[in-house]
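This is what each chain is made of:
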Amino acid sequence: MADTLSITDNRTGKVYEVPIKDDTIRATDLRKIKVTDDDFGLMTYDPAFMNTAACRSAITFIDGDKGILEYRGYPIEQLAEHSTYLETAYLLLYGELPTQSELDTWTFHITHHTILHENIKNLMDGFRYNAHPMGMLISTVAALSTFYPDAKEIGNPEARRKQIYRLIAKVITIAGFGYRHITGMPFAYPDNDLSYAGNFLNMMFKMTEVRYKPNPALEHALDVLFILHADHEQNCSTSAMRSIGSSHVDPYSALAGAAAALYGPLHGGANEEVIKMLTEIGSIQNIPAFIKRVQDGEVKLMGFGHRVYKNYDPRAKIIKRVADEVFEVTGKNPLLKIALELERIALSDDYFVKRKLYPNVDFYSGLIYQAMKFPMDMFPVLFAIGRTSGWLAQWQEMLLDTDQKISRPRQIYSGAARRDYVNLAERP
Ligand code: CMC
């Protein structure tokens, strides 16, 4: 059996052979299919990249029908149970789990890059008192590029390594500072004796105590949430990271663009929308009426559905377990009852069953964040913290991939044909 595709162009009667590799044909192989010699050649039309692989990647594997998610071959369930966020970040970036000494060095470097230049603090002080922390994160990450001119050296592995340390480290400090800014509290500086998640909690919630001691259960839960959000192959924000990075701009500018993509309510902003939706539903009695509005196409059930998962999102399963651990410390989030009932009804409802709509990662994560006293505005920021390692791993993979070039989709032009300019006075 030949690994080729035979295509007959019925316009010309010509037959073409196109190689198949990894169940994929190269779109550029279709360009030889022409009616006349000066034809551009055949293209594919694929809005939103529903069926187009834009890269080869060895980082994350998803089987959406089976509900499988693996980082570098390791099932997400095992990483959530046994790994830490920093170890997982190392795995995503370097492809293998670290040895003890590799992990120690990696942790040391991340920990010792958490401090921000004082001018960044001044810059963040300039935001309006009620600025959205995600807007602050996006702008501040972009501003970091002006502090590190060596970030432009994207072909230099040492310079890349340095920016990777800085970005993973500083994203928690920026997030913490953003929160302190909107709450009018003095910025809390990093404490190098704490874990990554513990340090972030310190920069969020430290009050007048000399040393902040994170609650171990909450610190662990947050760390697991960072692992679950660390990568998710070619999603909207990761595609943005790769696409912007393909122009060879510095990683701060590319990551700011990725974070901007994540900010949208259809992507990382969905967990915020879930809480708003649950609050609006208000009580279990109102669920059937809400489901009816979803069926009528009036509203979406936020936190449900996924482009890739047509089964239960494996991250949502783990998050439900983490939620129980968190609620033991914080007390139950009163919205949980509504969420559980909404899930129960949706999963047995024809509308959702037919469309294979299941809870995704955002359905329960907001409930945990809210119980941990994160304001809703911080939810997408929490997503961005975890995803930073994935964005960087994908960015580096893209840079080292000799198949890649500057990202530049084609279009089918549907505008006016050539016409001559008409002076203003002569226009009808
Ligand atoms: N509520 C109601 N109907 C839905 C929903 C939903 N949440 N999601 C999809 N549908 C319907 C959709 O209307 C369509 O119905 P029909 O065939 O009758 O037109 C069908 O299901 C297929 O949906 P689609 O819009 O073609 O699916 P998509 O792959 O383009 O969209 C999605 C994926 C995640 C944007 C979408 O499911 C959605 O908007 N969900 C709510 C927002 C959300 O929870 N986002 C977080 C995603 S997970 C975290 C992340 O990766 O960012």
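Just above sits the structure.
Structure report, in brief. Every chain's residues receive numbers from 1 upward, in the order its sequence appears when written. It should be noted that, the model being predicted, local features are given only for residues of pLDDT at least 70 and side-chain atom pairs only at 80 or more, the latter also being counted only at that level, while totals for whole chains, interfaces and linings use all residues. Calculation of side-chain values draws on the structure's entire complement of heavy atoms; hydrogens and water are dropped beforehand.

### What about the overall build of the protein?
So, point 1. Only DSSP runs of H or I covering at least 4 residues are called helices, and only runs of E covering at least 2 are called strands; the numbering of each starts at the N terminus. Broken down by element type, the protein carries 17 helices and 5 strands.
So, point 2. Every radius of gyration here is taken over C-alpha atoms, with the globule rule written as 2.2 Å times N^0.38, N being the number of residues. Taken over C-alpha atoms, the radius of gyration comes to 24 Å for the protein, in line with the 22 Å a tight globule of 428 residues would show.
So, point 3. Summarising its shape, the C-alpha atoms of the protein cover approximately 80 × 70 × 55 Å along the three principal directions.
So, point 4. Exposure classes here rest on a 1.4 Å probe applied to the protein chains alone. A residue is buried below 20% of its type maximum, exposed above 50%, and partly exposed in between. For the protein, the proportion of its 428 residues judged to be buried stands at 49%.
So, point 5. By the convention used here, residues are in contact when the closest approach between their heavy atoms is within 4.5 Å. Across the protein, the fraction of contacts at a sequence separation of at least 24, relative to all contacts at a separation of at least 6, is 70%.
So, point 6. With 47 positive and 52 negative side-chain charges, the protein shows a spacing of 4 Å between the two charge centroids. Only four residue types enter the tally: Lys and Arg on the positive side, Asp and Glu on the negative side; His and the chain ends are excluded. Throughout, a charge is located at the NZ atom of Lys, the CZ atom of Arg, the CG atom of Asp or the CD atom of Glu.

### Concerning helix α5 (residues 133–144)
So, point 1. Its 12 residues give α5 an end-to-end C-alpha distance of 16 Å, which sits within 8% of 16 Å, the value for a rise of 1.5 Å per residue.
So, point 2. Most of α5 sits out of view: 9 of its 12 residues are buried.
So, point 3. Those residues of α5 lying buried are Pro-133, Met-134, Met-136, Leu-137, Ile-138, Thr-140, Val-141, Ala-143 and Leu-144.
So, point 4. Buried positions along α5 lie against α4 (118–125), α6 (157–183), α10 (251–262) and α17 (379–400). Expected helix span is given by 1.5 Å per residue-to-residue step, counting one fewer step than there are residues.

### Observations regarding the layout of surface pockets
So, point 1. Any residue with an atom within 4 Å of a point lines the site, the site being either a cavity, points on a 1 Å grid over the protein atoms alone where a 1.4 Å probe fits but cannot get out, or a pocket, an open set with protein on both sides within 12 Å along at least 5 of 7 lines. Grid points are joined across faces, edges and corners, and a volume is the space filled by probe spheres set on the points. Volume-wise, the second largest pocket comes out at about 190 Å³.
So, point 2. Together, 13 residues line the second largest pocket, and Thr-84, Leu-86, Thr-107, Ser-195 and Tyr-196 are the ones closest to its centre.
So, point 3. Amino acid classes used here: Ala, Val, Leu, Ile, Met, Phe, Trp, Tyr, Cys and Pro are nonpolar; Asp, Glu, Lys and Arg are charged; the rest, including Gly, are polar. For the lining of the second largest pocket, the residue count by class is 6 nonpolar, 5 polar and 2 charged.

### Observations regarding the site of the ligand
So, point 1. Consider each residue's heavy atoms; a residue with any of them within 4 Å of a molecule or strand counts as near. Around the ligand lies a shell of 19 residues, among which His-267, Lys-300, Leu-301, Gly-303 and Arg-307 are the nearest.
So, point 2. In protein, a polar contact requires one atom able to donate a hydrogen and another able to accept it; more generally it is a pair of N or O atoms within 3.5 Å, and residues adjacent in sequence count only if both atoms are side-chain atoms. Within the backbone of Leu-266, an N or O atom sits 3.2 Å from a nitrogen atom of the ligand.
So, point 3. Contacts to the ligand include Leu-301, whose backbone N or O atom sits 2.7 Å from a nitrogen atom.
So, point 4. Protein contact buries 72% of the 940 Å² of open area that the ligand shows by itself.
So, point 5. A breakdown of the residues in the shell around the ligand according to their chemical character gives 9 nonpolar, 6 polar and 4 charged. Only the protein chains shown count as cover for residues, and all accessible areas are computed by the Shrake-Rupley method using a 1.4 Å probe.

### Observations concerning empty space enclosed by the protein
So, point 1. In the structure shown here, the tally under the stated rule is 1 cavity of 30 Å³ or more.
So, point 2. In this structure, the largest cavity encloses a volume near 30 Å³.
So, point 3. As for the largest cavity, its lining consists of His-306, Tyr-309, Asn-311, Asp-313, Lys-356, Leu-357, Tyr-358, Pro-359 and Asn-360.
So, point 4. Tallied by class, residues from the lining of the largest cavity come to 4 nonpolar, 3 polar and 2 charged.

### Let's talk about the nonpolar core
So, point 1. Among the nonpolar cores identified, the biggest contains 120 residues, and Trp-106, Tyr-196, Phe-200, Met-277, Leu-342 and Phe-374 are the most heavily contacted of them.
So, point 2. Examining the composition of this core, we find that 12 residues originate from one element, α17, more than from any other.
So, point 3. In this structure Met-277 touches Phe-290, Lys-300, Leu-301, Met-302, Leu-342 and Phe-363, once residues within four positions along its chain are discounted. Residues belong to one nonpolar core when they are buried, are Ala, Val, Leu, Ile, Met, Phe, Trp, Tyr or Cys, and are joined through side-chain atoms within 4.5 Å.

### Describing the side chain of Ser-389
So, point 1. One can find Ser-389 in helix α17.
So, point 2. Not counting residues up to four positions away in its chain, the partners in contact with Ser-389 are Tyr-85, Ala-89, Leu-92, Leu-93, Ile-168 and Ala-230.

### Observations concerning the state of the cysteines
So, point 1. The definition used for a disulfide is geometric: two cysteine sulfur atoms within 2.5 Å. In total, this model carries 0 disulfides according to the counting rule given.
So, point 2. Just so you know, Cys-55 is unpaired, no disulfide at all, and the nearest cysteine sulfur is the one on Cys-236, 14 Å from it.

### A look at the sheet that holds strand β3 (residues 60–63)
So, point 1. A strand pair is defined by DSSP finding two or more bridges across the two strands. One open sheet holds the 3 strands; their spatial order is β3-β4-β5, and the pairing between them is antiparallel. Two strands close off the open sheet at either side, each with one partner strand: β3 and β5 (74–75).
So, point 2. With 4 bridges connecting them, β3 and strand β4 (residues 68–71) associate as antiparallel partners. When the sheet's bridge partners are listed, Thr-60 is paired in β4 with Tyr-71.

### What to know about the side chain of Thr-88
So, point 1. Mapped onto the elements of the fold, Thr-88 is located in helix α2 (residues 85–94).
So, point 2. Side chain to side chain, Thr-88 and Ser-83 meet in a polar contact 3.0 Å long.
So, point 3. Apart from the residues within four sequence positions on either side, Thr-88 is in contact with Tyr-71, Leu-79, Ser-83 and Ile-227.

### Side note on the pattern of salt bridges
So, point 1. Throughout this description, the term salt bridge denotes a Lys or Arg side-chain nitrogen within 4 Å of a carboxyl oxygen of Asp or Glu. Enumeration according to the criterion identifies 19 salt bridges in this entry.
So, point 2. Between Glu-343 and Lys-320 there is a salt bridge, with the nearest N and O atoms lying 3.3 Å from each other. Note that Glu-343 is positioned in helix α14 (residues 336–347) and Lys-320 in helix α13 (residues 314–330), a separation of 23 residues in sequence.
So, point 3. Here the salt bridges share partners, and the residues they tie into one network are Asp-191, Asp-193 and Arg-211.

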